[in-house]
Amino acid sequence: MHYLFLGSFCSKKEENNLLSWSKCGLQTSIILFQNNMLKGLREIMGSDDTLDIINYFPIGSFPRQVKKLYVPGEKSEHYKRIPSINIPIIKQAFYNYRIKRAVRSWVKGLKEEPGSIVMYDLLRPYLIALTDKLPANVKTFSIVADLPNEYGYKKHETGLRAKIKRRQGYQNMGMVSQLTYLGLLTRQMAIPLKRSDDSFSVIEGFSNGSRFFSPLVADNNVVLYTGVVSTEYSIDVLLEAFTRLKSNDYKLWICGSGPSVSLVKEYANRDQRIVYKGYLSQEEISHLQTEASILINPRQNTGEFTKYSFPSKIIEYLSAARPIIAYKLDGISDDYYDYLIAPRDNSVNELSCVIEKTLQMPLEEKMTLGLKGRSFVLERTAPAKQMTKLLFKE
């Protein structure tokens, strides 16, 4: 079998360069997701299988989001990174043209041998390339991580730009529905995508068994949140809940970027126990998570998008072998909650009480819960297992 992977990611080495160019950080979760897709694919490939990659860097446009106007491409025998002309509209048109050519060339090179094209999410340049009429020997696959428009996280954009993105969102959903088989983060995503049960598998994400983690230690009272810093994800509820705790030994660490960073800094100025760590690399986040006693996801089950979203940080947190506080969300299956601590309601007081109670748990109980959660998620979401579900429908 010949495989072609279509993505928008970078290596650990390249991540530092991209961070130096970016004015708004990187979406490290989607980079990690794609690297794990590739890891799983390589693990299940046979000795006679081949893998080619077409990629473009996950960066925004010049000058608002990145400092570089142009990023050159890279090419080797089995890898092609498309150059980036980081000007809106020109950038997208250039990607569409270059990627369509590259995909056509790869398909032509198969010479009627079987091929599988695997892509990440709803990346529009790749969807456009894959809606070309492909020969019967080529199958197409995607793991859909997010849905657009009313099914996704609301970004409160307005004007012409918002109208264009909304229209393209519906177009992208139509194009991805033409692919052979999909991996969906939640079962509910199949409804707006109009997929029958035999045309998708639920693939909520990927764990990394080799990620750094260390045992819990006594007298560690750090609560940690890593992710998008936004009131849409209830960061305001978390901040208010923590301030109600009395002990001066407790600490709340927050890292990430987003529209509510200024709110976090306001609380940190008023309460010295709250520390904003800023934007960190994925490696730094992994180490920080094992310095904490508790990991928390304050996103509440409000809004339509919770049905169509599985927070990647749940898998990331479980892999760190720590107790996790997380609300019950429509997109997370019930068996996960054997390893998560869920507040009973959305009130600030309830979350405050749950944080207090969890911090007061005996060390041994915290360690047992954390290690059980890690074992569960490593077995359930191992990259090879998840990619087997996508490509071989198991």
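Conventions we followed
- Residues numbered from 1 in each chain as written.
- Predicted model: local features only at pLDDT ≥ 70, side-chain atom pairs only at ≥ 80, totals over all residues.
- Heavy atoms only, no water.
- Helix = DSSP H or I, 4+ residues; strand = E, 2+ residues; numbered from the N terminus.
- Rg over C-alpha atoms; globule rule 2.2 N^0.38 Å.
- Buried < 20%, exposed > 50% of the residue type's maximum accessible area, 1.4 Å probe, protein only.
- Core = buried A, V, L, I, M, F, W, Y, C linked by side-chain atoms within 4.5 Å.
- Contact = heavy atoms within 4.5 Å.
- Pairing = 2+ DSSP bridges.
- Axes fitted to C-alpha atoms, helices over the stretch in contact; angles between N-to-C directions.
- Phe/Tyr/Trp six-rings, centres within 6.5 Å; stacked < 30°, edge-to-face > 60°.
- Lys NZ or Arg CZ within 6 Å of the ring centre and 35° of its normal.
- Salt bridge = Lys/Arg side-chain N within 4 Å of Asp/Glu carboxyl O.
- Parallel < 35°, antiparallel > 145°, perpendicular 65-115°, else oblique.
- Nonpolar A, V, L, I, M, F, W, Y, C, P; charged D, E, K, R; others polar.

Of regular secondary structure, the chain possesses 13 helices and 15 strands. In summary, the chain has a C-alpha radius of gyration of 22 Å against a globular reference of 21 Å for 394 residues, a match within 12%. Projected onto the principal axes, the alpha-carbon positions of the chain cover approximately 70 × 45 × 40 Å. Counting only residues that meet the buried cut, the chain has 54% of its 394 residues in that class.

Right, let's talk about the nonpolar core for a bit. V103 and Y336 are the most contacted members of the largest nonpolar core, which totals 124 residues. The element that contributes the greatest number of residues to this core is helix 3 (residues 90-110), accounting for 7 residues. Beyond its immediate chain neighbours, meaning those up to four positions away, Y336 contacts E204, F310, I314, I315, L318, F376, V377, R380 and T381.

Attention shifts here to the sheet that holds strand 14 (residues 294-297). Spatially, 13-12-11-14-15 is the arrangement adopted by the 5 strands of the open sheet, whose pairing is parallel. The two strands at the open ends of the sheet, each matched to only one other strand, are strand 13 (274-278) and strand 15 (324-326). With strand direction ignored, the average angle separating the axes of adjacent strands in the sheet is 25°. Relative to strand 11 (residues 222-226), helix 9 (residues 282-289) is tilted by about 155°, and along the sheet it contacts strand 11, strand 12 (251-255), strand 13 and strand 14. The sheet strands contacting helix 11 (residues 348-359) are strand 11, strand 14 and strand 15, and the helix crosses strand 14 at an angle near 160°.

What follows covers the packing of aromatic side chains. All chains considered together, the criterion is met by 11 aromatic pairs. Ring centres of Y233 and F305 lie 6.3 Å apart, and the angle between their planes is 35°; on these two criteria the pair is classed as tilted. Here the residue Y233 occupies a position in the loop between strand 11 and helix 7 (235-243), and F305 occupies one in the loop between strand 14 and helix 10 (312-319), the gap between them amounting to 72 residues. We classify Y233 as buried; its relative accessible area is 11%. Owing to a relative accessible area of 7%, F305 belongs among the buried residues under this scheme. Members of the aromatic cluster, each reached through a chain of ring pairs, are F310, Y336, Y339 and F376. The ring of W253 is capped by K277, whose NZ or CZ atom sits 4.2 Å from the centre of that ring.

This part covers the sheet that holds strand 9 (residues 181-184). Overall, mixed pairing links the 8 strands, which are arranged 4-5-2-1-7-8-9-10 in an open sheet. The open sheet has two edge strands, strand 4 (74-75) and strand 10 (200-202), and neither has a second partner. Across the sheet, helix 13 (residues 383-392) lies against strand 1 (2-7), strand 7 (115-120), strand 8 (138-144), strand 9 and strand 10, angled at about 135° from strand 8, the strand it touches most.

With the rule as written, the count across this model stands at 14 salt bridges. A salt bridge links R104 to D132; the shortest N-O distance between them is 3.0 Å. Remark: D132 occurs in the loop between helix 4 (124-130) and strand 8 and R104 occurs in helix 3; sequence separation between them is 28 residues. Put simply, K328 and D334 hold a salt bridge, and the shortest N to O gap is 3.3 Å. Of the residues examined, K328 reaches a relative accessible area of 43% and is grouped as partly exposed.

By secondary structure assignment, the location of I285 is in helix 9. A relative accessible area of 8% means that I285 is categorised as buried. Between the alpha carbons of I285 and T28 there is a distance of 9.8 Å; along the sequence they are 257 residues apart. Beyond its immediate stretch of four places on either side in the chain, I285 contacts T28, T226, C255, L280 and E316.

So, about the packing of helix 10 against helix 12 (residues 363-380). If you want to describe how two helices pack, look at the angle between their axes and the distance between the axes. Helix 12 packs onto helix 10 with a crossing angle of 125° between their chain directions and a minimal axis gap of 7 Å. Judged on the interaxial angle alone, helix 12 and helix 10 are oblique. Each of I315, L318 and S319 in helix 10 lies in contact with helix 12, whose residues at this interface are G370, G373, R374, V377 and L378. Grouping the amino acids of the contact of helix 10 with helix 12 by side-chain chemistry returns 4 nonpolar, 3 polar and 1 charged.

Right, let's get into the pairing of strand 8. A regular strand carries its side chains on alternate faces of the sheet. The element strand 8 is extensively covered by neighbouring structure, given that 6 of its 7 residues are classed as buried. Sheet analysis places strand 7 next to strand 8, joined by 6 bridges and oriented parallel. Bridge pairing in strand 8 links V118 to F141. As paired strands, strand 8 and strand 9 are joined by 4 bridges and run parallel to one another. In the strand pairing of strand 9, V144 is matched with L184.

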